Amino acid sequence: MKADKIILGILGGVAVGALLGVLFAPEKGDKTRTKIMDKSNDYADELKGKLDTLLGSITQKYEKIWKEGESLVSEGKSKFYDTKSEGETLLAEGKSKFYDAKNEIKNTNI
């Protein structure tokens, strides 16, 4: 975080220095104002480009996370239904064995 603040401070200092240099240059006010506007527009365009790049990167990461989430949900559903099916099979087998044992006990004459 400190490095970011240092870089931001340096860039701010460079921008202020450039602005002061243009303001104190030996040119007419119209030309100076035109240069300031041109530089401002250049910085605005550069910032817009960086923000567009950042937004694109965030969008790509969001889409990737969304797809991974969908995949995990799908995988979870699949595992749930597989486990449910196995449980139903085991329950049916248990019931069958229970009834077989019950019938065997009924059929034995003790």
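Going by the structure above, here's the rest.
As the structure is a prediction and not an experimental result, all values here were calculated from the model.

Q: Sorry if this is basic, but what is going on with the overall build of the chain here?
A: When its secondary structure is counted, the chain shows two helices and zero strands. Over its C-alpha atoms the chain spans a radius of gyration of 37 Å, topping by over 25% the 13 Å that the globule rule assigns to 110 residues. Principal axes of the C-alpha set define a box for the chain whose edges measure 120 × 25 × 10 Å. A total of 110 residues make up the chain; the buried ones form 1% of that total. For the chain, the accessible surface area stands at approximately 10200 Å², while carbon and sulfur atoms represent 63% of it. Between the averaged position of the 19 positive side-chain charges in the chain and that of its 18 negative side-chain charges there is a distance of 5 Å.

Q: Can you walk me through the packing of aromatic side chains in this structure?
A: Here a ring pair, both rings aromatic, is described through the centre-centre distance and the interplanar angle of the planes. Under the defined criterion, the tally for this structure stands at three aromatic pairs. Seen in terms of ring centroids, F98 and Y99 are 5.4 Å apart; in terms of plane orientation they differ by 65°. Their pairing is edge-to-face.

Q: Explain the pattern of salt bridges here, please?
A: Two side chains of opposite charge can pair, provided their charged atoms sit close to one another. Per the counting criterion, the structure on display carries three salt bridges. A salt bridge links K48 to D52, with the shortest nitrogen-to-oxygen separation between them at 3.1 Å. One end of the pair, K48, and the other, D52, are both in helix α2 (residues 29–107), four residues apart, so they sit about a helical turn from each other. Classification of D52 as partly exposed rests on a relative accessible area of 43%. Its salt-bridge partner being K79, residue E75 comes within 3.3 Å of it at the nearest N-O pair. Of this pair, E75 and K79 both sit in helix α2, four residues apart, which is roughly one turn of the helix.

Q: Can you walk me through a nonpolar patch on the surface in this structure?
A: Together, L47, L51, L54 and I58 line one region of the surface with nonpolar side chains, adding up to about 390 Å² of accessible area. Mapped onto the elements of the fold, I58 is located in helix α2.

Conventions we followed
Residues numbered from 1 in each chain as written. Predicted model: local features only at pLDDT ≥ 70, side-chain atom pairs only at ≥ 80, totals over all residues. Heavy atoms only, no water. Helix = DSSP H or I, 4+ residues; strand = E, 2+ residues; numbered from the N terminus. Rg over C-alpha atoms; globule rule 2.2 N^0.38 Å. Buried < 20%, exposed > 50% of the residue type's maximum accessible area, 1.4 Å probe, protein only. Areas by Shrake-Rupley, 256 points an atom, 1.4 Å probe, with all protein chains shown as cover. Lys, Arg positive; Asp, Glu negative; His and termini not counted. Charge placed at Lys NZ, Arg CZ, Asp CG, Glu CD. Phe/Tyr/Trp six-rings, centres within 6.5 Å; stacked < 30°, edge-to-face > 60°. Salt bridge = Lys/Arg side-chain N within 4 Å of Asp/Glu carboxyl O. Patch = residues over 30% accessible without salt bridge, like charges linked within 9 Å, V, L, I, M, F, W, Y side chains within 5 Å.

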